[in-house]
Amino acid sequence: MASIRFKFRASAVSGKQGTLFIQVIHRRVARQVSTQYKLYPGEWATARQSVTVPKDTLPDRSRYLHAVQEALQQDASRLQLIILALDHSRKEYQAEDVIRHFLRKEQSDEFTIFADRLIRQKKEEGHLSLAVKYQTSLNSLCRFLNGRLLTFDGIDSSLMLSYESYLKTLGLCPNTTSFYMRNLRAIYNQAVEQGLTPQTHPFARVYTGIAKTVKRAVNIGEVQKIKTKELPPDSAADFSRDIFLFSLYTCGMSLTDIAHLKKSDLQGGYLSYCRQKTGQRINIRWEACMQQLADKYQRDDSPYLMPIITHPGEDETRQYQNKIHLINHYLKKLGEELGLSSKLTSYVARHSWASIAKSQDVPLADISEAMGHSTQRTTYIYLKSFENTPVDRANRKVLSVIA
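Here we summarise the structure given alongside this text.

### Brief notes about the pattern of salt bridges
For the structure on display, the rule yields 14 salt bridges. Where Arg100 meets Asp97, a salt bridge forms, and the shortest distance between an N and an O atom there is 3.1 Å. Here Asp97 and Arg100 lie together in helix H2 (residues 95-103), a separation of three residues that amounts to about one turn. Two residues, Arg275 and Asp257, come together in a salt bridge whose shortest N-O distance is 3.6 Å. Note that Arg275 is positioned in the loop between strand S7 (270-274) and strand S8 (281-285) and Asp257 in helix H9 (residues 255-259), a separation of 18 residues in sequence. The residues Arg275 and Asp257 share a single accessibility class, namely buried. Taken together, the shared-partner salt bridges in this structure form one network comprising Asp238, Arg241, Asp242 and Lys296.

Take a look at the structure:
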């Protein structure tokens, strides 16, 4: 199998930036290609094969260096995919062939390469939740392909049916297989819109619906058990419990919205933020129980209200995904220890807030508005105008029995 390395070539002119290049080695023959990335000598760590950010680096330069590191990781992933595909073909190939495939990325008709470019675009546009969904689905498809390159011509009903069968052998439920299929279909349809491939409806014969599932929720008594359970202070379990409670306290706020809350979203006694999923603006009166948790995790070196993204500007999507897994892992353990009727996850908080609100006779219209389901009111100009709104009354009723 071929191997790859990134190498730095310093400029012959003192004080000028040098160039990173990619070296591909196969059967003791090395070939290289220059990249567009420019660095100063102190910004490259040869041993770690990564960009480094020196102390006292200006913010703009720091953002550039992080972007270069992310681009290098994407290039490395593409190169590994190309090498796997060439190895899988069982045909002879040279280091030049790897580079040739790599340089064809802009003109390539490979579906996976188009999908990768689309995911990067969604991240740049700020659609992080959508980018995560696309990336998760693409990763699943790549595992099925097992290193094979997939062109648009290769996407047909037969392939998708085989992929669906593969997913079923993994024990995935219909809603999970449908999740992957719908995201891949969305990527494919965008390629059709861009004129990269004709529409052949390759997803027509696989399941892309959404089956009804039982919405999991915990009741008031179980919330009290969660709150009073003794956990090691400042532990991952304690943090996970606090994020669950923060979601409950804020009308069932989703984890992705909690992750992206900024201190600047808190003004005049109200938390005002836009939902990552819909872009709808939500406004919640800031209560003492929320402030307690915010104080507990106060960090002067971060713009974020809660410490889910702890290193701003450094692959925030990966940080968010890692925290999702950690939080849900510890919530599941907590639920099992308490013997709760439902499997405890971060999303259970959202369903629980709605369920408890309904049990306290909060009108359905108020619950809908508080959770961001209403499309009638999406923004407000002055925070003062929120006093005594149905949302405030709804949340205070819930907090009176759980906080």
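### A short note on helix H10 (residues 288-296)
Among all positions in H10, only Cys289, Met290, Leu293 and Ala294 are buried. Down the axis of H10, the buried set is contained in an arc of 140°. They therefore lie on one face. Turned more than 90 degrees away from the buried face of H10 sit Ala288 and Gln292, all of them exposed. Those residues of H10 that are buried lie in contact with helix H8 (236-249), S8 and helix H14 (390-402).

### Some thoughts on the side chain of Ser352
Mapped onto the elements, Ser352 comes out in helix H12 (residues 348-359). Leaving out residues up to four positions away in the same chain, Ser352 has contacts with Ala217, Val218 and Leu248.

### Things to note about the sheet that holds S8
Strand order in this open sheet of three strands is S6-S7-S8, and the pairing throughout is antiparallel. One side of each edge strand has no neighbouring strand; the edge strands of this open sheet are strand S6 (266-267) and S8. Of the strand pairs in this sheet, S6 and S7 are connected by two bridges, and their pairing is antiparallel. What sits directly across from Leu266, in S7, is Leu271.

Criteria and cut-off values
Residues numbered from 1 in each chain as written. Predicted model: local features only at pLDDT ≥ 70, side-chain atom pairs only at ≥ 80, totals over all residues. Heavy atoms only, no water. Salt bridge = Lys/Arg side-chain N within 4 Å of Asp/Glu carboxyl O. Helix = DSSP H or I, 4+ residues; strand = E, 2+ residues; numbered from the N terminus. Buried < 20%, exposed > 50% of the residue type's maximum accessible area, 1.4 Å probe, protein only. Arc of directions from axis to C-beta. Contact = heavy atoms within 4.5 Å. Pairing = 2+ DSSP bridges.

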